[in-house]
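Overview (structure and organization)
Each chain, written out:
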Amino acid sequence: HEELHFAIGEALVDVAGGAEGEGVGDILDRILDKHINIGSAVQRAAACTWLLCLVKYGSGDKKDANSNPQQSPVLVRAQKIQKAFSLALTESRQLTQECASKGLAVLYEIGDEKTKDELVESLARVFKGGTRKVTADTEIKVGVGSNSGGSGKMATYSE
């Protein structure tokens, strides 16, 4: 299924008109608002994969003298995209974590100095906070696991 989701992500960039297309921002907004943090772990993994493709292929070529990366729909939404990728780092699926870490790296790479500074500062806050989003399909196990010792206390969670 992984290859399929990457193909879908690349197709979304093409449908949006490529890096210079007007539709990239609309598709980013839809993924960020309606898909990345909603649904099952499989749905969130798919959305994270699509988001990675949009960030990677829909941001324009930084080395192209004719492109204006500051006006890129990706960079306009850099903070929101970083927040989505940061939350995806805490997912249980390895694919989601890998896409999120690659997405954060690409987002940093395409940014200007000001954007890079903001992203680093924001990411540092996320890691210091240590939060984990619990969703409807997060299973909380009580009284099981090596840490609980049968005491009935919450030991682990998984999806």
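Residues numbered from 1 in each chain as written. Predicted model: local features only at pLDDT ≥ 70, side-chain atom pairs only at ≥ 80, totals over all residues. Heavy atoms only, no water.

Broken down by element type, the protein chain carries 7 helices and 2 strands. The secondary structure elements of the protein chain, listed N-terminal to C-terminal, are α-α-α-α-α-α-α-β-β. When each of the 159 residues of the protein chain is scored for burial, the buried share is 38%. Of the contacts made within the protein chain by residues no fewer than 6 positions apart, 61% connect residues no fewer than 24 positions apart. (Helix = DSSP H or I, 4+ residues; strand = E, 2+ residues; numbered from the N terminus. Buried < 20%, exposed > 50% of the residue type's maximum accessible area, 1.4 Å probe, protein only. Contact = heavy atoms within 4.5 Å.)

Looking now at the side chain of S72. Relative to the elements of secondary structure, S72 occurs in the loop between α3 (41-57) and α4 (73-76). Residues in contact with S72, not counting those within four places in the same chain, are G58 and S59.

Take I38: it is sitting in the loop between α2 (23-34) and α3. Using a relative accessible area of 48% as the deciding quantity, one classes I38 as partly exposed.

Further remarks concern the environment of A19. In this fold, A19 is placed in the loop between α1 (2-15) and α2. Along the chain, A19 and G58 lie 39 residues apart, while their C-alpha atoms are 4.0 Å from each other. Those residues in contact with A19, other than ones at most four positions away along the chain, are Y57, G58, S59 and G60.

Turning our eyes to something else, we now look at the packing of aromatic side chains. Summed over the entire model, instances satisfying the criterion amount to 0 aromatic pairs. The ring centre of Y108 lies 5.1 Å from the NZ or CZ of K116, which sits over that ring. (Phe/Tyr/Trp six-rings, centres within 6.5 Å; stacked < 30°, edge-to-face > 60°. Lys NZ or Arg CZ within 6 Å of the ring centre and 35° of its normal.)

Bringing the pattern of salt bridges into the picture now. Taken as a whole, this structure holds 4 salt bridges when the rule is applied. The salt bridge partner of R44 is E91, with a shortest N-O separation of 2.6 Å. Taken together, the residues R44 in helix α3 and E91 in the loop between α5 (78-88) and α6 (94-110) connect sequence positions 47 residues apart. The exposure class of E91 is buried, given its relative accessible area of 7%. The salt bridge partner of E118 is K114, with a shortest N-O separation of 3.7 Å. In this pair, E118 and K114 are both assigned in helix α7 (residues 113-129), 4 residues apart and thus about one turn of the helix distant. E118 gets classed as partly exposed once you look at its relative accessible area, which sits at 34%. Exposure remark for K114: the relative accessible area of 59% places this residue in the exposed category. (Salt bridge = Lys/Arg side-chain N within 4 Å of Asp/Glu carboxyl O.)

In this section: the nonpolar core. L51, V55, I81, F85 and L107 are the most contacted members of the largest nonpolar core, which has 31 residues in total. Sorting the residues of this core by element identifies α2, α3, α4, α5 and α6 as the ones contributing at least two each. The element contributing the most residues to this core is α3, with 8 residues. Ignoring any residue separated from it by four or fewer positions in sequence, one finds I81 in contact with L28, L32, L51, V55, V74 and L107. (Core = buried A, V, L, I, M, F, W, Y, C linked by side-chain atoms within 4.5 Å.)

Per-residue confidence for the protein chain gives a mean pLDDT of 80; residues scoring 70 or more make up 75%. Throughout residues 143-148 the model reports pLDDT below 50, and contacts reaching past four residues in sequence, or to other chains, amount to 7 contacts. (pLDDT = per-residue confidence, 0-100.)

α7 packs onto α5 with a crossing angle of 35° between their chain directions and a minimal axis gap of 10 Å. Where α5 crosses over α7, the handedness of that crossing is right-handed. Contacts between α5 and α7 involve A78, Q79, Q82 and S86 from the former and T115, E118, L119, S122, L123 and V126 from the latter. Each residue belonging to the contact of α5 with α7 can be placed in one class, and the counts come to 4 nonpolar, 5 polar and 1 charged. (Axes fitted to C-alpha atoms, helices over the stretch in contact; angles between N-to-C directions. Left-handed = near helix turned anticlockwise from the far one by under 90°. Nonpolar A, V, L, I, M, F, W, Y, C, P; charged D, E, K, R; others polar.)

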